[in-house]
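Listed below are the residues making up each chain.
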Amino acid sequence: MNEKILVGVDLGGTTIKMAFINYYGEIVEKWEIPTDKSGKAITTDIAKAIDTKLDELGMDKSRLGGVGMGAPGPVNLESGLIYETPNLGWVNYPLRDHLELETGLPAVIDNDANIAALGEMWKGAGDGAKDLICVTLGTGVGGGLISNGEVIHGVNGAGGEIGHVTVVPEGGAQCGCGKTGCIETIASATGIVRIAKEKLQSSNQDSILKTISDLTSKDVFDAAEKGDSLALEVIEYVTFQLGLVLANLSNGLNPEKIVIGGGVSKAGDLLISRVEQYFKRFAFPRVAKAASISVATLGNDAGVIGGAWLVKTKLLNN
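Scope of this entry: the structure provided in the associated data block. (Residues numbered from 1 in each chain as written. Predicted model: local features only at pLDDT ≥ 70, side-chain atom pairs only at ≥ 80, totals over all residues. Heavy atoms only, no water.)

## Side note on the sheet that holds strand 12 (residues 257-261)
Read across the sheet, 5 strands follow the order 11-10-9-12-13 without closing on themselves; strand pairing throughout is mixed. Sheet topology places strand 11 (150-151) and strand 13 (292-295) at the edges, where each strand pairs with a single neighbour. (Pairing = 2+ DSSP bridges. Helix = DSSP H or I, 4+ residues; strand = E, 2+ residues; numbered from the N terminus.)

Right under this line is the structure:
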């Protein structure tokens, strides 16, 4: 059984990341293909890409143990149904059935943020912790909650929607989910830029940020590193809100590890040390004591490695 190669697939908006991964979570080969934005040819594209790669490597298809795939939006793990992925026009789409049909391999599907969390648990910053919160700060805020080694899915696939915890109950910014005041509107790259721009408009204080025409969240962190007081105010507010959310989630889960990934996490210690400070302030003391906060280590490989973990644990049952 150990000789089986696990196929990890991570479906993104512009590319589909793919990898052959061995039983110990080591990447044998990884590559990516463009995402068909209509959603119609995705499973065919994946199947063709697997066959092409097998030919290139001179590997027999019988070596493959199955496909573990992450997709955006809520997923039913049991049936492999994607409830809704608006960008691809999928509603109640039987992704697993299509994938199995096209590839001829057993498949297991989960949400993309969940498989990234599983990847970090298995081979990344989670370091084998079975109780883990993984939060991804990118264009939006994604995440996965893992309790006793299993991802929490909830009753209709929406468990672990960290990005949509409300932090501004009244008068918060509009979120893509339809609500207002979600943490996604604050701690995402777009949220950080929005808050910085609002501050620049309403404040008279000098700031490096006033000279930058196309502002990014990296600019805000860079300015904060240089001691820019307006940028520091933005970072202080963002980390306060994120620390509060992680503390409240942790009071329900009592995790060993909190892993922060995504583009914004590249700010490193400037982000982590402040989040940690607020986390300790708001978490139940015993919960605060048990959890350590660190930056994700797998980067773009987290999803494919998490997909492989699903094959290993859900399809090969070892």
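Don't stop here, the text continues.
## As for the side chain of Asn 22
On the secondary structure map, Asn 22 appears in the loop between strand 2 (15-21) and strand 3 (27-34). Only 2.7 Å separates the side chain of Asn 22 from the side chain of Glu 26, close enough to count as a polar contact. Dropping the residues within four chain positions of it, Asn 22 is found in contact with Ile 5, Leu 6, Val 28 and Trp 122. (Polar contact = N/O pair within 3.5 Å; in protein donor to acceptor, adjacent residues only side chain to side chain. Contact = heavy atoms within 4.5 Å.)

## Details of the sheet that holds strand 5 (residues 75-76)
Strand order in the open sheet formed by 3 strands is 5-6-7, and the pairing between neighbours is antiparallel. The sheet is open, and its two borders are formed by strand 5 and strand 7 (90-93), each paired with just one other strand.

## Concerning the pattern of salt bridges
Under the counting rule described, the total for this entry stands at 9 salt bridges. Measuring nitrogen to oxygen at the nearest pair gives 2.9 Å for the salt bridge that ties Glu 150 to Lys 314. Here Glu 150 is found in strand 11, whereas its partner Lys 314 is found in helix 10 (residues 302-315), with 164 residues between them in sequence. Of the charged contacts in the structure, one is a salt bridge between Glu 198 and Arg 194, with a shortest N-O distance of 2.9 Å. Taken together, the residues Glu 198 and Arg 194, both in helix 5 (residues 189-202) and 4 residues apart, mark about one turn of the helix. In the salt-bridge network here, residues are joined through shared partners; they are Glu 29, Lys 53 and Glu 56. (Salt bridge = Lys/Arg side-chain N within 4 Å of Asp/Glu carboxyl O.)

## Quick notes on the packing of aromatic side chains
Aromatic rings considered in pairs are described by the distance between their centres and by the relative angle of their planes. Per the stated rule, a full pass over the model turns up 6 aromatic pairs. Centroid distance Trp 122 to Trp 309: 5.1 Å. Interplanar angle 50°. Geometry classified as tilted. Note that Trp 122 is positioned in helix 3 (residues 112-123) and Trp 309 in helix 10, a separation of 187 residues in sequence. When its relative accessible area of 17% is taken as the criterion, Trp 122 is described as buried. Summarising the aromatic geometry, the rings of Phe 240 and Phe 282 are spaced 5.3 Å apart at their centres and angled 90° between planes, so their arrangement reads as edge-to-face. Here Phe 240 is found in helix 7 (residues 229-253), whereas its partner Phe 282 is found in helix 8 (residues 269-282), with 42 residues between them in sequence. For Phe 282, a relative accessible area of 22% translates into the label partly exposed. (Phe/Tyr/Trp six-rings, centres within 6.5 Å; stacked < 30°, edge-to-face > 60°. Buried < 20%, exposed > 50% of the residue type's maximum accessible area, 1.4 Å probe, protein only.)

## Thoughts on the state of the cysteines
Across all of its chains, the model carries 0 disulfides by this definition. In this structure Cys 175 is a free cysteine whose sulfur lies 3.9 Å from that of Cys 182, the closest cysteine sulfur available. (Disulfide = S-S within 2.5 Å.)

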